[in-house]
Amino acid sequence: MQRSEAQARKASLAESVLAAISELMSSAASAVDAEHENFLDVGSHLHHGALPATEVQKQAQGSPTNTLHVMEYLAANVDLAKDLITRCSAIAQQLMDDDLLGITEDLDKVITNISSELNNIQASTFESSRFAEPTVSGHLQVVRNRHGYSEGDVPMAVAVERPRRRTLHNSDMPRLVDFLQGMYQESHELGGQTFSSLPEVAEYVEPLYDSFFCPLTNKVMVDPVTAESGVTYDRKAIEDYFDKFTNGSEPVICPVTKMAMQSKTLRSNLPLKSIIAEWVTRNEAMRVRIARTALSMANTEAMVLEAIHELKVLARLRRKNRDQMHKIGITKFLPRLLGHKDAFIRCDSLDLLCLLVEDDAGKEIIAKTRAISRTIKLLSSSSTDERHAAISFLVELSKSELLLENIGSTAGSILILTTMKFNSSSDPIAAEKAGEVLENLEKCPKNIKYMAESGYLDPLQRHLVEGSEDVQMEMVSYLGELVQKQEMTINIAGSASEILVKMVCSGNTAIRKAALDVLVQISSHHPNAKTLVDEGAVPVMVQELFIRKIDDEPVGSKTEAAAVLANIVESGLDPEAITVNKEGHVITSKYSVYNFAHMLKCSMPDTLNLSIVRVLLALTALRKPLATVVSVMKEQDCCQTVIELMGSLTESLVIAAMKLLIALSPKMGHTIAEKLCKAPGQPGKLIKSIGLHGRIMEWHAMSAALLAKLPYQHMALNLALINEGAVVTVLAKIEEMQRGETRASRHAKAYMEGLVGVLVRLTTTLYDPDVLLAAMDHNLTSVLADLVRSAGSDEVQRLAAVGLENLSSQSPNLSQPPTEERRPKKKNILRRLREAHGGRVQDNNRRPPAHSGRVCPVHRGVCSPSTTFCLVEAGAVEGLLCVLESSENGRVVEAALGALCTLMDDDVDVTSGVAVLAEHDAARHVLRALRQHRDDGRRGAGAGAGGGETVTRRCFWAVERFLAHGGERCVREVTSDRALPSLLVSAFHTGDAATKQVAESVLRCLHRMPDYSATYESVEL
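Residues numbered from 1 in each chain as written. Predicted model: local features only at pLDDT ≥ 70, side-chain atom pairs only at ≥ 80, totals over all residues. Heavy atoms only, no water.

Examining the overall build of the chain
If you tally the helices and strands in the chain, you get 52 helices and seven strands. Among the 1021 residues that make up the chain, the fraction classed as buried is 52%. Put simply, of all contacts in the chain between residues at least 6 apart along the chain, 70% involve residues at least 24 apart. Counting only carbon and sulfur atoms, one obtains 49% of the accessible surface of the chain, whose full area is about 47,200 Å². (Helix = DSSP H or I, 4+ residues; strand = E, 2+ residues; numbered from the N terminus. Buried < 20%, exposed > 50% of the residue type's maximum accessible area, 1.4 Å probe, protein only. Contact = heavy atoms within 4.5 Å. Areas by Shrake-Rupley, 256 points an atom, 1.4 Å probe, with all protein chains shown as cover.)

As structure tokens, then:
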């Protein structure tokens, strides 16, 4: 009775220990984070320890007496281990590495104690030593992860060694075989056992029977059959053996029993075949688990490679093995190896992954890992094998619709694949597979968008042409987003543009709107314009703009149609070849321009007005269309409408309207100036915009340019500018720019030229007292002289020289002799100025006080830069001569010569004027300008060559004055120039009438030519 109670107690303890260990394993799996490899080993050891615990339960009834005490102590250690696991689980998220290491070491000691106690149980307690020795001799080994990867989410069996597939390690490097020998070797009592490959370890765990082997091949039989002698062979082996006995008279000898057999009949050994099949299944499953554990616990590259090789062999054998690899976490673990430092490991991991993702289950697992992004990086590898392995893996992944979007959305994937596809010369294999991947990716519409964003537009255009209505709608939407987001230019094929034009003609409002949006973006890329014209886009856009009623469609369609037309006209195509309707009207015809101008007068949104103004502006760039636009604008009285558009809140429309007015000003400038003066708030708004502080924008420059380009002598506009304080504003902005106080801008040059142009326009109407007084008050002579001397643009120097010429031409009328009585004309001018601005009435018989200062020898009176605009007193002569010396622009030189010639005009003392110029060596500068610009007239009015004939004529005129009124030095300077006679003769033969007359006069002065003046009409200079 007492013995029975003890046995029952031992059995109960065995059950408790088994339950505790099982609970301990479950707690460890849930408490430990998957990133900590240390706890993986703990779980693996506990899993292995569960087998002997089962045997302890089975044999508890027959165990020795001391087994009871051992199991009681074992139960206490298990409880301690459970407590450690509970602690870890409670604060797992707060643990630091040091804390985790401490708990791991404590748990290691507890497990060691459990193993030690199990070792105290005699081997005879178990039915087989197969479970006892590995348990009692195995110790927990905490293996540090040396490669940055771990897999703790699935408890695994301990690992075994790998096959010798590659010799990547040195002889001193630890081998996986050595690592696993401590876990899978027999006890010394049964004789030592070592293993040379992972399959051998699996065969030891799942042992083979001799009956599994074929006597002929000594290999496990695939199809066992039994011969007449009763011996079982593999079918193929025994059939090959029977083939040797071809002679029917010769008896067939059994290769094992050596007995003669009467028949070659073979019977399938189905029971043995079934047993072998079951063993193969168990063996391969065990090999998978062993390789998985070896993969996790290996601490060298060679160990990892051996484990991967074993898994590749098993994955190729049958799908069931791949399913098991999915189940135990191998598929999830392998992507981590793609970031390994060893190229062989990365390459082999890709090969294995290719096998594992052949089924949908593998692809679903990969979708939750970082395998795709890491594989994309490997496409840029310098190793050909690695690139091929990566692209092969992507080919397999791209066969699943689940992963298509993941692949396409991975950063750089599409760009790398397209580059690889079109770089077939360097790697044709990779190029072919990259094309296959891209073709698979097209099944996901978003990937087509990603391809287009990377510059690969063929799929988008193909689906746009060949796809269903829904697909076409989606492609159109993608194309519009693509251009808007990236501001990129897109070249479209004719077929794609044809589809877009047809979509505009369809009755579906949404598709029409989307197609128009895309056409607006595509037409902005000028090379596409010809394609759109060829596909008939212009008549469709004209119909949308002019014919379709607003009630039928929203105004937005008209806005987009006008934008397309504007983009096409601005592309540089010949507008005379752009047909707008079936009647043959072109876009430059009066019919088209009239419709544009008429729509401009209607109340339309700013965006629509902007496109119409852009069309008209583009047409003004050519001579013939310009005449048509001017004619229609005058007939429709559209100038007022364009001026009103300058008050829009849309800056781009304001700028476009100003540009159109500037383009029209040479043909209808007086009309524009008159309308501008009558417009509410104008020209005050333009002056205000000119004077705004901050960075110079395009609309600032256009405001100044418009005021500068309108006819100079329009008195109403000039007086309006003076009354609005334009002179003060312009001078202040010029001073800011000269001091560098204005922020740099690409519009600064045009802005400065406009400011100077506003000042110059006032110098053309100095006959008006208000304008004259404004020029005096602000000392325009000194301002313009400084601009001539500054290193500004050619246009600024030209305008400043023109202004100085206009001012200097008034100096003879304004200069007053210090003692002599002034002429009535001069007195009347000064009196009117004083009466208008000083409020004083002078007696007609009372002489104004004489000017004090030095008498100007040129103007024969007292001069100053502010009151008489004297160039000599303003020091402008030096600056003008420097322009002659340095400028290569014929128009600038022409303007500078015009200003200098006012000092030698008949209204001044010519001898004194020549003497003043001679002091500055003017003759040399003039002769140099003559030589430099002698061919400008032949080249035409090109850049920098404008006014070539005028430059020559003015140079000859100045030379004639130097010879007639200059001193000996000046005459010698002129006559010593060897090129002058030939230039004069050439001009006499090839120049116009005015130039011939001046050349003849100079030649006569040089005594080189008879008097032929009676032959020609007198032409004034």
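A look at the side chain of Lys-363
By the secondary structure assignment, Lys-363 is in helix H14 (residues 360-367). It turns out Lys-363 is buried and unbridged, and the closest side chain with the opposite charge, Glu-396, is 4.1 Å from it. Other than its neighbours up to four places away in sequence, Lys-363 contacts Val-357, Glu-358, Glu-396, Leu-397, Ser-400, Leu-402 and Leu-403. (Lys, Arg positive; Asp, Glu negative; His and termini not counted. Salt bridge = Lys/Arg side-chain N within 4 Å of Asp/Glu carboxyl O.)

Some details on the sheet that holds strand E2 (residues 232-234)
One open sheet holds the three strands; their spatial order is E2-E1-E5, and the pairing between them is antiparallel. Every interior strand has two partners, whereas the edge strands, E2 and strand E5 (267-268), have only one. Judged from the three bridges that link them, strand E1 (residues 224-226) and E2 form a sheet pairing that is antiparallel. In the sheet register, Val-225 faces E2, and the bridge partner there is Tyr-233. Along the sheet face, helix H8 (residues 235-242) touches E1, E2 and E5 and points at about 95° away from the line of E2. (Pairing = 2+ DSSP bridges. Axes fitted to C-alpha atoms, helices over the stretch in contact; angles between N-to-C directions.)

Describing the nonpolar core
Phe-956 and Phe-962 are the most contacted members of the largest nonpolar core, which totals 180 residues. Take this core: its biggest share by element is 14 residues, from helix H32 (residues 651-678). Each residue touching Phe-956, except ones within four places of it in the same chain, is listed here: Leu-930, Leu-980, Leu-983, Leu-984, Ala-987, Thr-995, Val-998, Ala-999 and Val-1002. Listed in part, the 54 residues of the second largest apolar core include Leu-337, Cys-347, Ile-372 and Leu-379. (Core = buried A, V, L, I, M, F, W, Y, C linked by side-chain atoms within 4.5 Å.)

Topic: the pattern of salt bridges
For the structure shown, the criterion picks out 40 salt bridges. With its nearest N and O atoms 2.6 Å apart, the salt bridge here joins Glu-741 to Arg-739. The class for Glu-741 is partly exposed, based on a relative accessible area of 49%. Arg-739 gets classed as partly exposed once you look at its relative accessible area, which sits at 47%. One salt bridge in this structure joins Asp-992 and Arg-953, with 3.6 Å as the shortest N-O distance. You can see Asp-992 sitting in the loop between helix H51 (979-990) and helix H52 (993-1005) and its partner Arg-953 sitting in helix H49 (residues 948-965), a full 39 residues away along the chain. Classification of Asp-992 by relative accessible area gives partly exposed; the value is 33%.

Re the environment of Leu-402
As for its placement among the helices and strands, Leu-402 is situated in helix H17 (residues 401-409). On a C-alpha basis, the gap between Leu-402 and Glu-364 in space is 7.6 Å, while along the polypeptide they are 38 residues apart. Setting aside residues up to four positions removed in sequence, Leu-402 forms contacts with Lys-363, Glu-364 and Ala-367.

Observations regarding the packing of helix H39 (residues 780-789) against helix H44 (residues 876-886)
For the pair H39 and H44, interaxial distance at closest approach is 8 Å and the crossing angle is 30°. Relative to H44, the element H39 lies roughly parallel. Along this stretch, H39 crosses H44, giving a crossing that reads as left-handed. Across the interface between the two elements, Ala-785, Val-788 and Arg-789 from H39 touch Ala-876, Gly-879, Leu-880 and Val-883 from H44. Looking at side-chain class alone, the contact of H39 with H44 contains five nonpolar, one polar and one charged residues. (Parallel < 35°, antiparallel > 145°, perpendicular 65-115°, else oblique. Left-handed = near helix turned anticlockwise from the far one by under 90°. Nonpolar A, V, L, I, M, F, W, Y, C, P; charged D, E, K, R; others polar.)

Some details on helix H37 (residues 748-763)
Taking 1.5 Å per residue as the helical rise, H37 with its 16 residues ought to reach 22 Å, and the 23 Å between its terminal C-alpha atoms agrees with that figure. Burial analysis of H37 places 14 of its 16 residues in the buried class, which makes it a mostly covered element. (Expected span 1.5 Å × (residues − 1).)

Overview of the packing of helix H10 (residues 301-317) against helix H13 (residues 343-356)
Contact geometry for H10 and H13: axes closest at 10 Å, N-to-C directions at 20°. One way to sum up the angle between H10 and H13 is to call them roughly parallel. Judged by the twist between their axes, the crossing of H10 over H13 is left-handed. Facing Glu-301, Val-304, Leu-305, Ile-308, Leu-311, Lys-312, Ala-315 and Arg-316 of H10, the residues of H13 in contact are Phe-344, Ile-345, Asp-348, Ser-349, Asp-351, Leu-352, Leu-355 and Leu-356. Of the residues in the contact of H10 with H13, the class split is ten nonpolar, one polar and five charged.

Concerning the packing of aromatic side chains
Any two aromatic rings considered together are summarised by their centre-to-centre distance and by the angle between their planes. Across all of its chains, the model carries six aromatic pairs by this definition. Judged by centre distance (5.5 Å) and plane angle (70°), the ring pair of Tyr-209 and Phe-212 falls under edge-to-face. Given the relative accessible area of 54%, Tyr-209 is considered exposed. A relative accessible area of 2% means that Phe-212 is categorised as buried. On the basis of an interplanar angle of 65° and a centroid distance of 5.3 Å, the ring pair of Tyr-241 and Phe-245 is categorised as edge-to-face. Judged on exposure class, the residue Tyr-241 and its partner Phe-245 are both buried. (Phe/Tyr/Trp six-rings, centres within 6.5 Å; stacked < 30°, edge-to-face > 60°.)

A few points about H51
Each full turn of the α-helix corresponds to 3.6 residues, which orients residues three or four apart in the same direction. Helix length check: H51 (twelve residues) gives 16 Å between terminal C-alpha atoms against 16 Å at 1.5 Å per residue, within 8%. When we look at burial in H51, the residues that qualify are Leu-980, Leu-983, Leu-984, Ala-987 and Phe-988. Axial view of H51: buried residues confined to an arc of 135°, hence all on one face. Residues of H51 that are exposed and point over 90 degrees away from its buried face: His-989 and Thr-990. (Arc of directions from axis to C-beta.)

Describing the environment of Ser-815
By the secondary structure assignment, Ser-815 is in the loop between helix H41 (811-814) and helix H42 (824-838). Along the primary structure Ser-815 and Ser-864 are separated by 49 residues, whereas in three dimensions their C-alpha atoms are 8.6 Å apart. A distance of 3.5 Å separates the side chain of Ser-815 from the backbone oxygen of His-859, its partner in a polar contact. (Polar contact = N/O pair within 3.5 Å; in protein donor to acceptor, adjacent residues only side chain to side chain.)

Thoughts on the confidence of the model for the chain
On average, the chain scores 77 in pLDDT, and the residues at 70 or more come to 71%. Note that pLDDT drops below 50 for residues 25-65; the model gives that stretch 91 contacts with residues more than four away or on any other chain. For residues 123-192, every residue scores under 50 in pLDDT, and the model assigns this stretch 183 contacts once sequence neighbours within four places are set aside. (pLDDT = per-residue confidence, 0-100.)

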